[in-house]
Amino acid sequence: MGTDTVRAGAADETAGRRREQRGWYFYDWACSVYSTSVLTVFLGPYLTSVAKNAADGDGYVHPLGIPVRAGSFFAYSVSLSVIVAVLVMPLVGAAADRSGRKKPLLAAAAYTGAAATTAMFFLGGDRYLLGGVLLVVANAAQSVGTMLYNSYLPQIAPPEERDAVSSRGWAFGYAAGALVLVGNLVLYMGHDSFGLSESAAVRVCLASAGLWWGAFALIPLRRLRDRRPSAPEAKKPTAPGLRQLAATVRDMRRHPLTLAFLLAYLIYNDGIQTVISQASVYGSEELGLGQSTLIAAVLLVQVLAVAGALALGRLARTHGAKRTILGSLVAWAVILGAGYFLPAGAPVWFFVLASGIGLVLGGSQALSRSLFSHLVPPGKEAEYFSAYEMSDRGMSWLGPLLFGVTYQLTGSYRDAIISLVAFFVIGFALLARVPVRRAISDAGNPVPERI
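From a predicted model like this one, the values you see are computed outputs, not experimental measurements.

**As for the overall build of the chain**
Stage number 1. When you go through the chain residue by residue, the secondary structure sums to 19 helices and 2 strands.
Stage number 2. Since a compact globule built from 451 residues should have a radius of gyration of about 22 Å, the 22 Å found for the chain is in line with a globular shape.
Stage number 3. Once the C-alpha set of the chain is aligned to its principal axes, its extents read approximately 80 × 45 × 45 Å.
Stage number 4. A burial count over the chain gives 53% of its 451 residues as buried.

Here's what the structure looks like:
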């Protein structure tokens, strides 16, 4: 009878964990449409046009009396949102770990971001300042929400399941991004047949991402559950802003192998983010491709990233996450080498390049997240994932700088794109040197059979 009770308890625990995992996937499904439709496709060009409508005769707008070129306003707004996120994430992460109440904080971040994104419907005429404020709020809220979402991974998946669970989460996100982007493109390209102006169609697309985010965030918020913090963590005070960031960094110095992984991730992720952000510039300026071709390539990347995330997750089961990530970095270097030789005016080959990016993009990101989850000391998931999220979003400036400087010195976007291979070579070398089994053990976590 006792054995049956134990089995029943284990079965209930497994069923509860599966339910949480399925709910967890849906936060990626909810918020990824913001990254795809809002940040990647629609908001940059639209907010720039709104700023230009408000500009003076010299092409400047004056937020808070500061002269800013209208064409730079979107980029500056994104930069400001990153600064806000870097200040807020360690504070929220530490509060989540010490209170054990992640879910209310996740709800606050999700609905702040969703509300700000939905309000982008009102960005008509010359309301550039409203657009900048909404972008800063939405982008910072997404960073905070993603940090909290990531920090659930060690709690809802045992070590042997994390690669697969993380990969499914990324796959859900890319699938949602592709699905909503298709709908948005249909509306945008056929706006006349829907009785909408081009501006109104863009504003509907922006707002739809916020409504999607808010609606589907209900699923993880219903299924995820809070855990009690450990007694030592619960007693620690949460310091404000920069002091909390400094405290988190000091604590991480006690785990140098975790920091070594973060350094490797910072380098190769900088390369990944730069490829994503500069590929369209390379396609339009160097290869002479039109806007419709570039948007179709973005959609292709989204679709294939679903398959890529799941495929690399399966590879990790047999080869381990570290080896699979290292293999993906080799693939990234090969893709950039092939991109250097792409002929101009040949969209088919650009689609081949986009296919390669899609297949390695989701998997390299998903497995990096799951591998890092093994290196986080128990009870400090949100605090450490705030540092991870800052590496992901807040530190990716060196790649664009190298890309821009290379182009300035050589006048060639081909030279600029091939220069990014350095990030994958250096990232590979740094990651290869990290003894992940010892790093996991030093963090106080069980070491999986295959990692």
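Read on, since the account is not over.
**Description of the state of the cysteines**
Stage number 1. Applying the stated criterion across every chain yields a total of 0 disulfides.
Stage number 2. The closest cysteine sulfur to the non-disulfide-bonded Cys 205 is located on Cys 31, 19 Å from its own sulfur.
Stage number 3. Among the residues examined, Cys 205 registers a relative accessible area of 1% and is labelled buried.

**Quick look at the packing of aromatic side chains**
Stage number 1. Under the criterion given, the structure shown has 27 aromatic pairs.
Stage number 2. Ring geometry for Trp 29 against Phe 172: centres 6.2 Å apart, planes inclined by 65 degrees, an arrangement best described as edge-to-face. Residue Trp 29 is found in helix α1 (residues 2–54), and its partner Phe 172 is found in helix α6 (residues 162–189); the two are separated by 143 residues along the sequence.
Stage number 3. Of the residues examined, Trp 29 reaches a relative accessible area of 17% and is grouped as buried.
Stage number 4. Ring plane angle 15 degrees and centroid distance 4.6 Å describe the contact between Tyr 265 and Tyr 388, whose orientation is recorded as stacked. With Tyr 265 in helix α11 (residues 256–286) and Tyr 388 in helix α15 (residues 381–394), the pair connects residues that are 123 residues apart, well separated along the chain. With respect to class, Tyr 265 is no different from Tyr 388; both count as buried.
Stage number 5. Here the aromatic residues Trp 24, Tyr 25, Phe 26, Tyr 27, Trp 29, Tyr 149, Phe 172, Trp 212 and Phe 216 are joined through ring pairs into a cluster of three or more.

**What about the packing of helix α12 (residues 291–319) against helix α14 (residues 347–374)?**
Stage number 1. For the pair α12 and α14, the least separation of the axes is 6 Å and the interaxial angle reads 40 degrees. Viewed along their axes, α12 and α14 adopt a mutual orientation that is oblique. Crossing geometry of α12 relative to α14 is assigned as right-handed.

**Quick notes on the nonpolar core**
Stage number 1. Core analysis: the largest hydrophobic core is formed by 128 residues, its most contacted members being Trp 24, Leu 43, Phe 261, Tyr 268 and Trp 332.
Stage number 2. When sequence neighbours within four positions are dropped, the list of residues in contact with Phe 261 reads Tyr 268, Ser 368, Leu 371, Phe 372, Leu 375, Tyr 388, Leu 431 and Val 434.

**Looking at the pattern of salt bridges**
Stage number 1. Here the structure, examined in full by the defined rule, presents 9 salt bridges.
Stage number 2. Between Glu 383 and Arg 98 there is a salt bridge whose closest N-O contact spans 3.6 Å. Highlighted residues: Glu 383 in helix α15 and Arg 98 in helix α2 (residues 73–99), separated in sequence by 285 residues. Here Glu 383 matches Arg 98 in class, with each residue buried.
Stage number 3. Residues joined in a network through salt bridges with shared partners are Arg 17, Arg 18 and Glu 161.

Here is what the cut-offs are and how they apply
- Residues numbered from 1 in each chain as written.
- Predicted model: local features only at pLDDT ≥ 70, side-chain atom pairs only at ≥ 80, totals over all residues.
- Heavy atoms only, no water.
- Helix = DSSP H or I, 4+ residues; strand = E, 2+ residues; numbered from the N terminus.
- Rg over C-alpha atoms; globule rule 2.2 N^0.38 Å.
- Buried < 20%, exposed > 50% of the residue type's maximum accessible area, 1.4 Å probe, protein only.
- Disulfide = S-S within 2.5 Å.
- Phe/Tyr/Trp six-rings, centres within 6.5 Å; stacked < 30°, edge-to-face > 60°.
- Axes fitted to C-alpha atoms, helices over the stretch in contact; angles between N-to-C directions.
- Parallel < 35°, antiparallel > 145°, perpendicular 65-115°, else oblique.
- Left-handed = near helix turned anticlockwise from the far one by under 90°.
- Core = buried A, V, L, I, M, F, W, Y, C linked by side-chain atoms within 4.5 Å.
- Contact = heavy atoms within 4.5 Å.
- Salt bridge = Lys/Arg side-chain N within 4 Å of Asp/Glu carboxyl O.

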